[in-house]
Amino acid sequence: MRAILSVSTLLLGVAIILMGNGLLGTLLGVRGQFEGLSPSSLGLIMSAYFAGFVVGTALVPRLVRAVGHVRVFAALASIASVSTLLHGLYIHPAVWLVLRLLTGVCVVGLYIVIESWLNEQTDNTERGSVFSAYMTTTLIGLGLGQLMLIVGDETELELFALASVLLSLGLVPVAMTEV
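Residues numbered from 1 in each chain as written. Predicted model: local features only at pLDDT ≥ 70, side-chain atom pairs only at ≥ 80, totals over all residues. Heavy atoms only, no water.

## Quick word on the overall build of the protein chain
- Scanning the protein chain from N- to C-terminus turns up eight helices and zero strands.
- Counting from the amino terminus, helix and strand elements in the protein chain follow one another as α-α-α-α-α-α-α-α.
- Taken over the C-alpha trace, the protein chain has a radius of gyration of 16 Å; the compact-globule value for 179 residues is 16 Å, and the two agree within 12%.
- With the C-alpha coordinates aligned to their principal axes, the bounding extent of the protein chain is approximately 50 × 35 × 25 Å.
- Looking at the protein chain residue by residue over its 179 residues, the buried ones come to 45%.
- Within the protein chain, contacts between residues at least 6 apart in sequence are counted, and of these 81% link residues at least 24 apart.
- Within the structure as shown, the protein chain displays about 8800 Å² of accessible surface, and the carbon and sulfur contribution to it stands at 67%.
- In the protein chain, which carries 7 positive and 10 negative side-chain charges, the distance between the mean positions of the two groups comes to 12 Å. (Helix = DSSP H or I, 4+ residues; strand = E, 2+ residues; numbered from the N terminus. Rg over C-alpha atoms; globule rule 2.2 N^0.38 Å. Buried < 20%, exposed > 50% of the residue type's maximum accessible area, 1.4 Å probe, protein only. Contact = heavy atoms within 4.5 Å. Areas by Shrake-Rupley, 256 points an atom, 1.4 Å probe, with all protein chains shown as cover. Lys, Arg positive; Asp, Glu negative; His and termini not counted. Charge placed at Lys NZ, Arg CZ, Asp CG, Glu CD.)

Printed below as a string of structure tokens:
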């Protein structure tokens, strides 16, 4: 339990960030349908997120080695936050595809940073417990984010702004964590 407490700020930060990401992922499907995007277009847009995962797995580890966990985490969370706002400002399939790709790079990068950070901070005897808490935290964060769709009007900028705020706010506990 002490090991989990020692990484609690990281877990809190990732939970908040994933609430924003969960909200965004759900919101895009709902908003895209409202805007009249075809199922094929929405499928491509949503798939771009996972293409971003592939790109991010090649890019992010090099960035972490070059500038460190905290700086990469801050940069990726900031870019993901901006990308989220831009989704709400520019409703166009091509723009959404590029932004969704970028968001995928950022989110997988956040996962890589947090997981490598947890791995470095955790003793072998406690790693299973810590990663169990981490996985539980990620799923709860994503689920709560999806539920947040009901707090605003999906046809307005409001929910995109809320998702962006969560992505930015999640950076605070992580940035305040001792390395």
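## A look at the side chain of Arg100
- Along the chain, Arg100 falls in helix α5 (residues 93-121).
- Comment: no salt bridge for buried Arg100; closest opposite-charge side chain is Glu35, at 16 Å.
- Not counting residues up to four positions away in its chain, the partners in contact with Arg100 are Asn21, Leu24, Gly25, Leu28, Ile45, Met46, Ala48, Tyr49 and His87. (Salt bridge = Lys/Arg side-chain N within 4 Å of Asp/Glu carboxyl O.)

## Details of the packing of helix α3 (residues 39-67) against helix α4 (residues 69-89)
- Put simply, α3 and α4 touch, their axes get as near as 7 Å, and they point 130° apart. By the angle class used here, α3 and α4 are oblique. Of α4, the residues touching α3 (which contributes Val60, Leu63, Val64 and Val67) are His69, Arg71, Val72 and Leu76.
- Taken together, the residues that form the contact of α3 with α4 break down as six nonpolar, one polar and one charged. (Axes fitted to C-alpha atoms, helices over the stretch in contact; angles between N-to-C directions. Parallel < 35°, antiparallel > 145°, perpendicular 65-115°, else oblique. Nonpolar A, V, L, I, M, F, W, Y, C, P; charged D, E, K, R; others polar.)

## Some details on the nonpolar core
- The biggest cluster of nonpolar side chains holds 30 residues, and the ones touching the most others in it are Leu10, Phe73, Val113, Ile114, Leu118 and Tyr134.
- Counting only elements with at least two residues in this core, the list comes to α2 (8-34), α3, α4, α5, α6 (127-147) and α8 (171-175).
- At nine residues, α5 tops the list of elements feeding residues into this core.
- Those residues in contact with Tyr134 that lie beyond four places of it in its chain are Leu11, Val14, Tyr111, Ile114, Glu115 and Leu118.
- Counting 16 residues, the second largest nonpolar core, distinct from the first, contains Leu24, Leu27, Leu28 and Trp96. (Core = buried A, V, L, I, M, F, W, Y, C linked by side-chain atoms within 4.5 Å.)

## Some words on a nonpolar patch on the surface
- Residues Leu85, Leu89, Tyr90, Val95 and Leu157 make up a contiguous nonpolar surface patch of roughly 420 Å² in combined accessible area.
- The topology assignment puts Leu85 in helix α4.
- The class for Leu85 is partly exposed, based on a relative accessible area of 32%. (Patch = residues over 30% accessible without salt bridge, like charges linked within 9 Å, V, L, I, M, F, W, Y side chains within 5 Å.)

## Regarding the packing of aromatic side chains
- Following the criterion strictly, the structure yields six aromatic pairs and no others.
- A ring pair is formed by Tyr49 and Phe50, whose centres lie 4.9 Å apart and whose planes are at 85°; its orientation type is edge-to-face.
- Aromatic pair Phe50 and Phe53: ring centres 5.5 Å apart, planes at 55°, arrangement tilted. Of this pair, Phe50 and Phe53 both sit in helix α3, three residues apart, which is roughly one turn of that helix.
- A network of ring pairs unites the aromatic residues Tyr49, Phe50, Phe53 and Tyr111 as a single cluster. (Phe/Tyr/Trp six-rings, centres within 6.5 Å; stacked < 30°, edge-to-face > 60°.)

## Topic: the pattern of salt bridges
- A complete count under the given rule lists one salt bridge for this structure.
- A salt bridge links Glu35 to Arg31, with the nearest nitrogen and oxygen atoms 2.8 Å apart.
- Since its relative accessible area comes to 6%, Arg31 is described here as buried.

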